[in-house]
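# Descriptive structure summary
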Amino acid sequence: MLRARIASHLAISRQMQCQPDQIIITGGYRQGLLLALTALRAHGRKAWIEEPGYPLGRRGLELIGATLEPVLVDAEGLRVEDGIARAPDAMLALVTPGQHAPLGVTLSRARRRALLDWATSSGAWIIEDDYLGELQLDGRAAPALASGAGAERVVHIGSFSKTLSPALGLGFVVAPRSLAERLVEVAAVLAPAPNRTTQLAVTEFLSNGHFLRHLRQMKALYTERRNLALMHVGRFLPGALAAGLGVIAPLQQTADDVAVVRIARAHGLAPSALSAWHLGRAHAQRGLLLSVTNLHNDNIGSACATLARIVASR
């Protein structure tokens, strides 16, 4: 039942045409990534990763023994031509095309086509990390890579951790037809689906339309909080930019953003160092990635004042 509801939801929200038997229920993104990499036999193979890119995905590829090939990301997303020039023989690309992690950009139409064409012509695979799901604060979420022409080379990984709660421990993988049987077998042997009670609860939540209403409310709330954060952070860190569910505050290239984060966490704050999202740290952009989801009118002023003092002291 849950797989059928997810398939129906993806058809509406991400324009994906898939059947329930192509969907594998997982314990979240990490389990989905493990299943995909195992099914694809990625050990010892070359893999494109976004630069900057999601550290957890990057570490997952390292642990499974893949050879990482970082490909720069700009305002249009992954620079596919750079990836082809750097490693045309890569067997997979791990990407966040809907909303890039951490920059928040959406892969442009031309780059989407180029990425899918490369995968199709070279026999490579694309692992699509649907990083923020439908929580696109600036308009409607883009169609998934796993929709339309070229979808047969895409493994789509989704999760309810950001749209509902990480405490659920629930996600899913949408497998292309040619890979579905192997992914199902890998999941059955190594990572069975989470408990049935949670699945039934989420099924009912989707069936009754509560999920779509919840998403609309969350998008409105997070947009308000992000605008509030931009206003406050912009006062002491000019150039702060919206990025998905966060704000990126650039620092001078001579700044030690890792040290700033360490001090900030000792004061009860939780920024991330932008340089940590780069594989090549020596030339990484320095800055702070600030989540806006837990901000409130009564705490943002003091939080930003504390962060401003820390940045000024470094």
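The preceding data block contains the structure.
All of the points below concern the structure found in this document. (Residues numbered from 1 in each chain as written. Predicted model: local features only at pLDDT ≥ 70, side-chain atom pairs only at ≥ 80, totals over all residues. Heavy atoms only, no water.)

Secondary structure assignment for the chain yields ten helices and twelve strands. In terms of overall dimensions, the chain is globule-like: its C-alpha atoms have a radius of gyration of 20 Å, near the 20 Å expected for 314 residues. Taken over the C-alpha atoms alone, the chain extends approximately 55 × 50 × 35 Å along its principal axes. By residue count, 53% of the 314 residues in the chain fall in the buried class. Partitioning the contacts of the chain with sequence separation of at least 6, the portion at a separation of at least 24 is 70%. When the accessible surface of the chain is split by element, carbon and sulfur atoms take 53% of a total near 14500 Å². Charged side chains of the chain number 33 positive and 24 negative; the gap between the two group centres comes to 4 Å. (Helix = DSSP H or I, 4+ residues; strand = E, 2+ residues; numbered from the N terminus. Rg over C-alpha atoms; globule rule 2.2 N^0.38 Å. Buried < 20%, exposed > 50% of the residue type's maximum accessible area, 1.4 Å probe, protein only. Contact = heavy atoms within 4.5 Å. Areas by Shrake-Rupley, 256 points an atom, 1.4 Å probe, with all protein chains shown as cover. Lys, Arg positive; Asp, Glu negative; His and termini not counted. Charge placed at Lys NZ, Arg CZ, Asp CG, Glu CD.)

Looking now at the side chain of Thr-203. Here Thr-203 is to be found in helix α7 (residues 196-207). Among the residues examined, Thr-203 registers a relative accessible area of 7% and is labelled buried. With residues up to four places along the chain from it excluded, the contact list for Thr-203 reads Met-1, Leu-2 and Arg-5.

With that settled, consider the sheet that holds strand β10 (residues 246-250). Pairing is antiparallel across the open sheet formed by four strands, whose spatial order is β9-β10-β12-β11. Looking at strand neighbours, the two that pair on one side only are β9 (241-243) and β11 (272-273), the edges of this open sheet. Here β9 pairs with β10 via three bridges, running antiparallel. Bridge pairing in β10 links Ala-242 to Val-247. (Pairing = 2+ DSSP bridges.)

The terminal C-alpha atoms of helix α6 (residues 177-190), which comprises 14 residues, lie 20 Å apart, in line with the 20 Å expected from a rise of 1.5 Å per residue. In the core, the buried residues of α6 are packed alongside β1 (23-26), α2 (29-40), β6 (125-129), β7 (154-159) and β8 (171-174). (Expected span 1.5 Å × (residues − 1).)

The next point concerns the nonpolar core. Ranked by size, the top nonpolar core spans 50 residues in total, and within it Ile-6, Trp-48, Leu-78 and Leu-115 carry the most contacts. Secondary-structure elements contributing two or more residues to this core are α1 (2-13), β1, β3 (67-74), β5 (92-95), α5 (109-122), β8, α7 and α8 (210-233). (Core = buried A, V, L, I, M, F, W, Y, C linked by side-chain atoms within 4.5 Å.)

Tallying each qualifying case throughout the model produces seven aromatic pairs. A centroid spacing of 6.5 Å and a plane angle of 65 degrees characterise the contact between Phe-205 and Phe-211, whose relative ring orientation is edge-to-face. Through successive ring pairs, a cluster of aromatic residues spans Tyr-29, Tyr-54, Tyr-131 and Trp-277. (Phe/Tyr/Trp six-rings, centres within 6.5 Å; stacked < 30°, edge-to-face > 60°.)

This part takes up the pairing of β3. Examined bridge by bridge, strand β2 (residues 46-51) and β3 share six bridges and lie parallel to one another. If you follow Glu-51 over to β3, its bridge partner there is Leu-72. Once you follow β2 into helix α3 (residues 55-63) and on to β3, the crossover reads as right-handed. The sheet contact formed by β3 and strand β4 (residues 77-78) spans two bridges and is antiparallel. In the sheet register, Val-73 faces β4, and the bridge partner there is Leu-78. Hairpin connection of β3 to β4: two residues between the antiparallel strands. (Right-handed = clockwise from strand over helix to strand, strands pointing away.)

Where α2 meets α3, the axes come as close as 11 Å, and the angle between the chain directions of the two elements is 35 degrees. Relative to α3, α2 is oriented so that their crossing is right-handed. In contact with Tyr-29, Arg-30, Leu-33 and Leu-37 of α2, α3 contributes Leu-56, Gly-57, Gly-60 and Leu-61. The residue inventory of the contact of α2 with α3, partitioned by class, reads five nonpolar, two polar and one charged. (Axes fitted to C-alpha atoms, helices over the stretch in contact; angles between N-to-C directions. Left-handed = near helix turned anticlockwise from the far one by under 90°. Nonpolar A, V, L, I, M, F, W, Y, C, P; charged D, E, K, R; others polar.)

Moving on: the side chain of Arg-58. Counting through the fold element by element, Arg-58 comes out in helix α3. No salt bridge forms around the buried Arg-58; measuring N to O, its nearest opposite-charge neighbour Glu-62 is 4.7 Å away. (Salt bridge = Lys/Arg side-chain N within 4 Å of Asp/Glu carboxyl O.)

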